[in-house]
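So you can see what is in the structure, the chains are spelled out below.
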Amino acid sequence: LFNAVEMAPRDPILGLTEQYNADTNPKKVNLGVGVYYDDNGKLPLLECVQKAEEKMMAAHAARGYLPIDGIAAYDAAVKSLVFGAESEPVKSGRVATVQCIGGTGGLKVGADFLKKLNPAAKVLISDPSWENHRGIFTNAGFTVETYPYYDAEKRGIHFDGMLTALDRAPAGTVVVLHACCHNPTGYDLTEQQWDQVVAVVKARKLVAFLDMAYQGFGQGIAEDGMAVRKFMASGEDFFVSTSFSKSLSLYGERVGALSVLCQDKEEATRVLSQLKIVIRTNYSNPPTHGGQIAATILNTPELRALWEQELGAMRVRIKEMRGAIVEKLKAAGVKRDFSFITQQVGMFSYSGLTKDQMVRLRDEFGVYGIDSGRICVAALNSKNIDYVAASIAKVVQ
Ligand code: LMR
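What counts, and at which threshold
Residues numbered from 1 in each chain as written. Predicted model: local features only at pLDDT ≥ 70, side-chain atom pairs only at ≥ 80, totals over all residues. Helix = DSSP H or I, 4+ residues; strand = E, 2+ residues; numbered from the N terminus. Buried ≥ 20, exposed ≤ 12 C-beta atoms within 10 Å, placed from the backbone. Near = placed C-beta within 6 Å. Nonpolar A, V, L, I, M, F, W, Y, C, P; charged D, E, K, R; others polar. UniProt positions renumbered as here; feature names shortened; annotations may be inferred. Pairing = 2+ DSSP bridges.

J.: Requested: an account of unusual backbone geometry, with residues and values cited.
T.: Residue Pro128 is bonded to the preceding Asp127 through a cis peptide linkage, with omega at 5 degrees. Although it is not a glycine, Ser249 adopts a positive phi angle of roughly 50 degrees. On the secondary structure map, Ser249 appears in the loop between strand E9 (238-243) and strand E10 (255-261). Classification of Ser249 by C-beta neighbours within 10 Å gives buried; the count is 22.

This is the structure we're talking about:
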């Protein structure tokens, strides 16, 4: 049966962690996967999460099946966080939200639903994009193409190219957009650029699918919701996948959601019924623990305030590391100007290092980043930054 099964390539991101784990170099640093580590290089268990879990443990709740669309209080909290509790779509009940298995799960449920809805549509992702976008939409049966996004020469966004590509896309094309903290480049659209993107999506009757996996890691929780608010104001239907993997440091709990903004409540009810079929036929219903943690935090004012404070501290530390790596590279004698790293936002920096340099960093120094040159700035700390800077200095000179 399996004679002809070919060996699949290693996942470009998670496969790197496998390689990192097997590396015996005591100085190794994992700047590959998008995970926030504290200044001691430890994965944080947020205090708001600990407190929520204490509350949950004290309740000794039994573990029945959740509804197919997840914990109602969780879905409601996601709606408020993503669209605003007082927003018209939330108040009028025209957002269908389902608890999903991470942001990836949200993308997949949305992709499967879209494939049923409009099987002939094409999907456009940014060039470059999170490596898994292509995989998820391809495996849902779509042809996936790209729109220009990154301009390597000017180190920024190739905005004209992006707009032209969207303007040429046939009606119904699904456009996957990074709502904030673009992964992998770290370059986000400005407010005016978002206005133009929303306008072309509306004019060309495209379907926007916003991936918001990093809310709170750019400028702040509310600030990072700008793209969602702009699409909301456009009056168009759109999709948003969200995740608490990073913002609650709940990576392994797989806590995410898919929200679909519809024209009215009745439409949202029909859409929800279809999303439930996608979920039921994939994994039946979501797990209880992570969703309950997130719901407890978001719906308890003191825990919510504590979370905002802890998320703010993560955001500030990442920004400090951006400034620090630029300084350390200079101090290590690197002539090339890396100050662009401080203009990028979120967990990642598209460092401009070549594949050969990334391979050397890994093989010779145990410093792991993605071959594309993406490094996770959120994994730098005061103890490993000198070593990382010295290693980069050696491969760029
Ligand atoms: C990343 O881009 O590293 C993260 O989103 C983790 C993942 O699942 O790839």
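Read on, since the account is not over.
J.: Could you give an account of the site of the ligand, naming the residues involved and the relevant values?
T.: Surveying the vicinity of the ligand reveals the residues Ile13, Val33, Gly34, Trp130, Asn132 and Asn183. Per-class residue counts for the shell around the ligand are three nonpolar, three polar and no charged.

J.: Which residues make up the UniProt feature "domain: Aminotransferase class I/classII large" (unreviewed entry) in the chain, and what values go with them?
T.: The sites that UniProt annotates as "domain: Aminotransferase class I/classII large" (unreviewed entry) are residues 27-392. In the segment residues 27-392, helix accounts for 45% and strand for 16%; the C-alpha atoms at its two ends are 14 Å apart.

J.: Give a detailed account of the pairing of E9, specifying residues and quantitative values.
T.: Of all six residues making up E9, six are buried, and the element is well covered by its neighbours. A two-sided burial pattern is seen for E9, the buried positions comprising Phe238, Val240 and Thr242 on one face and Phe239, Ser241 and Ser243 on the other. Here strand E8 (residues 207-212) runs beside E9; their pairing, made up of five bridges, is parallel. Within E9, the residue paired with Met212 across the bridge is Thr242.

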